[in-house]
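Coordinate analysis (summary)
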Amino acid sequence: QQQVKQSPQSLIVQKGGISIINCAYENTAFDYFPWYQQFPGKGPALLIAIRPDVSEKKEGRFTISFNKSAKQFSLHIMDSQPGDSATYFCAASLPVYTGNQFYFGTGTSLTVIP
Amino acid sequence: DSGVTQTPKHLITATGQRVTLRCSPRSGDLSVYWYQQSLDQGLQFLIQYYNGEERAKGNILERFSAQQFPDLHSELNLSSLELGDSALYFCASSVDAGGPREQYFGPGTRLTVT
C-alpha cells in the first residue's frame, strides 16, 4: 500500500513557467516531509523539506505548501529552467524514535522545454 | 557530491547467486538506510541501522540481510538472487540522534540479475 500518493506522473512545462507537483498522505503520525530531486544515473538529492507546524517554506525558486487538515503538500518550482528537468520525489517520515525511514511517492518526471 | 559512497557502481550476476553491496556514510552520520528503487515499485525502504544496531525494518526480503560495522560502514547482502531483484540499491545516511532529519543518498549500485 502506497503511503504517499504523488501526482502527476509526468509534467511538461515551458521555460519560465511554474511546475506544481502534489502529494497526499494518510498517516497523521508523519512529521517530516522532504522533497528530493533525482537526475538519471544519480542518487536522490534533498531539495527542500517541511514540518507540519509550518504551512509554507520557500528556498530560492522552490516552495513547499503544506495543508495539514487536507493531508496534502505540494512542490512549486517558480521560473522553471531546463536544468530543472529531473524526477522529483516527495516523501514522508515517521518520528525519529520510530526510525526516521522515508516513505516515498512514486515520482514525477519533469521536463522543462526551452 | 553527498559524501555517501557506494560500491560497486554496477553488478551483473546470475540467478541463485549472492552479492554484497557496500556503503560508507557521510562523516559524522550514525544512521544508514538502504532503499531499493525499481521501475514498478519506486523507492522502497529496506532497513535502517543506527550506530551498529538495527533500528527499523521495511519491505526487506528474508533473502536479504544487512549489517553496520564499528567504523559505521554498512553492507547489504542479497542471496538466492532472482530476476526480480534487479534494481538500483541506494544507501542513505543521516546524523540522527535528535539531529537534522535529512538523509543524504549515495550514487547507488545498479544490480542486474540474469
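The following refers to the structure shown.

What counts and what doesn't
Residues numbered from 1 in each chain as written. Chains lettered and ligands numbered in written order. Predicted model: local features only at pLDDT ≥ 70, side-chain atom pairs only at ≥ 80, totals over all residues. Heavy atoms only, no water. Pairing = 2+ DSSP bridges. Helix = DSSP H or I, 4+ residues; strand = E, 2+ residues; numbered from the N terminus. Axes fitted to C-alpha atoms, helices over the stretch in contact; angles between N-to-C directions. Phe/Tyr/Trp six-rings, centres within 6.5 Å; stacked < 30°, edge-to-face > 60°. Buried < 20%, exposed > 50% of the residue type's maximum accessible area, 1.4 Å probe, protein only. Lys NZ or Arg CZ within 6 Å of the ring centre and 35° of its normal. Disulfide = S-S within 2.5 Å. Salt bridge = Lys/Arg side-chain N within 4 Å of Asp/Glu carboxyl O.

The next thing to look at is the sheet that holds strand β1 (residues 4–7) of chain A. All names here are of chain A. Spatial strand order, β1-β3-β8-β7-β6: five strands in an open sheet with antiparallel pairing. The sheet is open, and its two borders are formed by β1 and β6 (56–59), each paired with just one other strand. In this sheet, adjacent strand axes meet at a mean angle of 15 degrees when their direction is disregarded. Both β6 and strand β7 (residues 62–67) contribute to a ladder of four bridges, which runs antiparallel. When the bridges of β7 are listed, K58 appears paired with T63.

Moving on, we get to the packing of aromatic side chains. Taken as a whole and judged by the stated rule, the model has 22 aromatic pairs over all chains. On the basis of an interplanar angle of 85 degrees and a centroid distance of 6.5 Å, the ring pair of F30(A) and F33(A) is categorised as edge-to-face. Taken as a pair, F30(A) and F33(A) share a single burial class, namely buried. Directly above the aromatic system of Y104(B) lies the positively charged group of R26(B), at a separation of 3.8 Å from the ring centroid. For R55(B), the ring lying beneath its charged end belongs to Y50(B), and the centroid distance is 4.6 Å.

On to the state of the cysteines. Residues and elements named next belong to chain A. For the coordinates displayed, the defined rule picks out two disulfides over all chains. Through a disulfide, C23 is tied to C90; the S-S separation comes to 1.9 Å. Judged by the sign of its S-S torsion, about -95 degrees, the cystine formed by C23 and C90 is left-handed. In this pair, C23 is assigned in strand β3 (residues 19–25) and C90 in strand β9 (residues 86–93), connecting sequence segments 67 residues apart.

Counting across every chain of the model gives seven salt bridges over all chains. Of the charged contacts, one joins K71(A) and E26(A) as a salt bridge, the two residues approaching to 3.4 Å between their closest N and O atoms. Of the two residues, K71(A) sits in the loop between β7 and β8 (72–77) while E26(A) sits in the loop between β3 and β4 (33–38), which places them 45 residues apart along the sequence. Take E26(A): its relative accessible area is 58%, and that puts it in the exposed class. Overlapping salt bridges bring together R63(B), E82(B) and D85(B) as one network.

Turning to the sheet that holds strand β7 (residues 64–68) of chain B, a few remarks are in order. Residue and element names in this part refer to chain B. Across the sheet, which stays open at both edges, the four strands sit in the order β1-β3-β8-β7 with antiparallel pairing between neighbours. Two strands bound the open sheet, and with one partner strand each, they are β1 (5–7) and β7. When strand polarity is set aside, the average angle formed by the axes of neighbouring strands in this sheet is 15 degrees. The sheet contact formed by strand β3 (residues 19–24) and strand β8 (residues 74–78) spans five bridges and is antiparallel. Within β8, the residue paired with T20 across the bridge is N77.

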